[in-house]
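# Survey of secondary and tertiary structure
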Amino acid sequence: MKWGTRIGRIQITIKGTPRAHWYYYIRREGAHSWKAGRYWLGGEVDYRDKVFSTSAQARAYCEAKDREAVIIEGMRA
């Protein structure tokens, strides 16, 4: 999955690189924490209880969730 350049407090994936959702994002929350989320059903949805200390951890979490979602969809088919 490829990530675009961070603009201010948010960074999103480059269109077409995630396989499960339209895009994923990470957002800086406060001075030392990051939130992660995905675009789903017409809006941005945060992963609720997840707060990361680095942007790399937040990006890795999104990438893992994308892989999991693809596997789940494959099992449903």
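The sections below set out a description of the structure shown in this document. Computed from a predicted structure; not experimentally measured.

Let us now look at the pattern of salt bridges. Following the criterion strictly, the structure yields three salt bridges and no others. Ionic pairing is found between arginine 27 and aspartate 46, a salt bridge with its closest N-O pair at 2.9 Å. Separated by 19 residues along the polypeptide, arginine 27 in strand E2 (residues 24-28) and aspartate 46 in strand E4 (residues 43-46) bring together distant segments of the chain. With its nearest N and O atoms 3.6 Å apart, the salt bridge here joins lysine 65 to glutamate 68. Residue lysine 65 and its partner glutamate 68 are located together in helix H1 (residues 55-76), separated by three residues, close to a single helical turn.

Below, the discussion takes up the environment of valine 45. Among the secondary structure elements, valine 45 is positioned in strand E4. Beyond its immediate chain neighbours, meaning those up to four positions away, valine 45 contacts Tyr25, Gly37, Arg38 and Trp40.

Turning to its location among the elements, alanine 58 is positioned in helix H1. By relative accessible area, alanine 58 is classed as buried at 0%. Along the sequence, alanine 58 and tryptophan 34 sit 24 residues apart, while their C-alpha atoms lie 6.6 Å from each other. With residues up to four places along the chain from it excluded, the contact list for alanine 58 reads Ile26, Trp34, Ala36 and Phe52.

This part takes up the packing of aromatic side chains. Geometrically, a pair of aromatic rings is defined through the distance of the ring centres and the angle of the planes. A full pass over the atoms with the stated rule returns three aromatic pairs. Between tyrosine 23 and tyrosine 39 the ring centres are 5.1 Å apart and the planes differ by 25°, which places this aromatic pair in the stacked class. Here tyrosine 39 lies in strand E3 (residues 34-40) and tyrosine 23 lies in the loop between strand E1 (10-12) and E2, a separation of 16 residues in the sequence. On the accessibility criterion, tyrosine 23 (15% relative accessible area) is buried. With centroids separated by 5.2 Å and ring planes inclined at 45°, the aromatic side chains of phenylalanine 52 and tyrosine 61 adopt a geometry described as tilted. This pair shows no difference in class: phenylalanine 52 is buried, exactly as tyrosine 61 is. Taken together, the ring pairs in this structure connect Tyr47, Phe52 and Tyr61 into an aromatic cluster.

Here is what the cut-offs are and how they apply
Residues numbered from 1 in each chain as written. Predicted model: local features only at pLDDT ≥ 70, side-chain atom pairs only at ≥ 80, totals over all residues. Heavy atoms only, no water. Salt bridge = Lys/Arg side-chain N within 4 Å of Asp/Glu carboxyl O. Helix = DSSP H or I, 4+ residues; strand = E, 2+ residues; numbered from the N terminus. Contact = heavy atoms within 4.5 Å. Buried < 20%, exposed > 50% of the residue type's maximum accessible area, 1.4 Å probe, protein only. Phe/Tyr/Trp six-rings, centres within 6.5 Å; stacked < 30°, edge-to-face > 60°.

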